[in-house]
Amino acid sequence: MRIPLLAANWKMNMTRREARVMVEDLLARVGDLRDREAAICPPFHLLSEVGSLLAARPSIRLGGQDLYWKDSGAFTGEVSAPMLRDVGCHFVIVGHSERRALFGETDSSCAQKVTAAQNHGLVPILCVGETLEEREAGRTQERVVSQFRGALQGLALDSGERLVVAYEPIWAIGTGKTDSPEEANRTMSLLRATLAELFGERIAAQVRLLYGGSVKPENIDAFMACREIDGALVGGASLKAESFARIIQFQ
Ligand code: 13P
C-alpha cells in the first residue's frame with residue numbers, strides 16, 4: 001500500500017545548465033513511473049527551472065531542501081512553505097543532518113517546520129540519524145527515537161501520506177559506508193512502532209520510511225527488499241542521470 005519513493009537531494013550542487021542537462025537525460029532514461037514515485041530536491045535557485053522540466057512527468061515531484069516556518073516577513077535568506085508551494089513543490093526536506101550539524105537546526109525548529117509544511121500542503125521529509133559515536137556507544141535507537149519524538153511533538157496527523165521520514169545514519173552520508181539493510185530495517189521498524197504510538201497503527205502503516213546514506217545503483221535493490229524500507233533519500237548518486245535512473249528503476 002506504500003508507494004516506493006526515490007528522492008534526490010542535490011544539496012548545494014548544480015548550475016542551471018547542469019541541472020537542465022541532468023534532468024533531460026534522466027527523463028529520457030526513465031519512462032512514466034507506474035508503481036513508484038521519484039522526487040528531485042534541488043537548491044532553491046533551481047526550483048523553477050527543474051519544476052518546468054518535470055511538469056510533463058507528474059510521478060517525478062519537486063521538493064525543497066529546507067524552509068522557514070513563518071509565511072513571509074523580515075527573515076533574510078529564508079524561504080517559506082507558501083513560496084515553495086508557489087514554485088510547485090510537493091515535498092520539503094526538514095532537519096537534514098547537515099542542517100543540524102552546520103546551521104543550528106534543533107528538534108524544536110524541526111517541529112515548527114514540519115507543522116508549517118503540513119499547514120501549507122507540503123509533505124515534509126523529516127530526517128533523523130545517529131553519529132558514529134552514538135552508534136558505537138549502542139545509542140542509535142535511543143537517539144533516533146528522541147529526534148523523532150522531538151520533531152513530531154504536537155503534530156496532528158490525519159493521514160500517513162502527509163509525512164515521509166528519512167533515516168540517515170550520519171556516518172554513512174557521503175562516506176561510501178552504508179548501514180547493513182538488516183540493521184537499517186531494524187531501526188526503521190522501531191520508527192514505525194513509534195509512529196504507531198504517536199498516531200495509531202493505521203497512520204503508521206501509511207508513512208513512507210526512506211533509508212539514506214551512500215545509496216548507489218549497486219546497493220539500492222538490497223535496501224528496497226527490506227520490509228520497512230519504502231524508498232531512499234540519495235545525495236551523491238542523484239547528481240548523475242545514469243545512477244539516479246538506475247536507483248529509480250530498482251528491482
Ligand atoms: P549520500 O547519498 O551522498 O551519502 O547523501 C545522503 C544524504 O545526505 C541524502 O540526504
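It should be noted that the structure appears before, not after, this text.
Cut-offs used in this document
Residues numbered from 1 in each chain as written. Predicted model: local features only at pLDDT ≥ 70, side-chain atom pairs only at ≥ 80, totals over all residues. Heavy atoms only, no water. Helix = DSSP H or I, 4+ residues; strand = E, 2+ residues; numbered from the N terminus. Expected span 1.5 Å × (residues − 1). Buried < 20%, exposed > 50% of the residue type's maximum accessible area, 1.4 Å probe, protein only. Arc of directions from axis to C-beta. Contact = heavy atoms within 4.5 Å. Polar contact = N/O pair within 3.5 Å; in protein donor to acceptor, adjacent residues only side chain to side chain. Phe/Tyr/Trp six-rings, centres within 6.5 Å; stacked < 30°, edge-to-face > 60°. Lys NZ or Arg CZ within 6 Å of the ring centre and 35° of its normal.

A look at helix α1 (residues 16–29)
Since the α-helix packs 3.6 residues into each turn, any two residues three or four apart lie on the same face.
Next, step 1: In a regular helix each residue adds 1.5 Å, so 14 residues correspond to 20 Å; α1 covers 20 Å between its end C-alpha atoms and thus fits that length.
Next, step 2: Every buried residue belonging to α1 is among A19, M22, V23, L26 and L27, and all of these are buried. Taken end-on, α1 shows its buried residues confined to a sector of 130°, consistent with a single buried face. Residues of α1 that are exposed and angled more than 90 degrees away from the buried face: R17 and A28.
Next, step 3: Contacts from the buried residues of α1 go to β2 (37–41), α2 (47–54), β3 (60–64) and α11 (241–248).

A closer look at the environment of S80
Next, step 1: When you line up the elements, S80 lands in the loop between β3 and α3 (81–86).
Next, step 2: On the basis of relative accessible area, S80 is assigned to the buried category, the value being 3%.
Next, step 3: Considering only alpha carbons, one finds S80 and G31, 49 residues apart in sequence, at a separation of 32 Å.
Next, step 4: Leaving out residues up to four positions away in the same chain, S80 has contacts with Y68, K70 and D71.
Next, step 5: Polar side-chain contacts of S80 include one of 2.8 Å to the backbone oxygen of D71.

Some details on the packing of aromatic side chains
Next, step 1: Scanning all chains against the criterion turns up four aromatic pairs.
Next, step 2: With centroids separated by 4.9 Å and ring planes inclined at 45°, the aromatic side chains of Y68 and F75 adopt a geometry described as tilted.
Next, step 3: With relative accessibility at 17%, the residue Y68 sits in the buried group.
Next, step 4: Taking the relative accessible area as the measure of exposure, F75 reaches 30% and is therefore partly exposed.
Next, step 5: Aromatic pair Y211 and F223: ring centres 4.3 Å apart, planes at 10°, arrangement stacked. Taken together, the positions of Y211 in strand β7 (residues 208–212) and F223 in helix α10 (residues 220–224) put the pair twelve residues apart, joining distant regions of the chain. Per residue, the accessibility class of Y211 equals that of F223, and both read buried.
Next, step 6: Among the aromatic residues, those joined into a cluster by ring pairs are Y68, W69 and F75.
Next, step 7: Directly above the aromatic system of F250 lies the positively charged group of R36, at a separation of 4.2 Å from the ring centroid.

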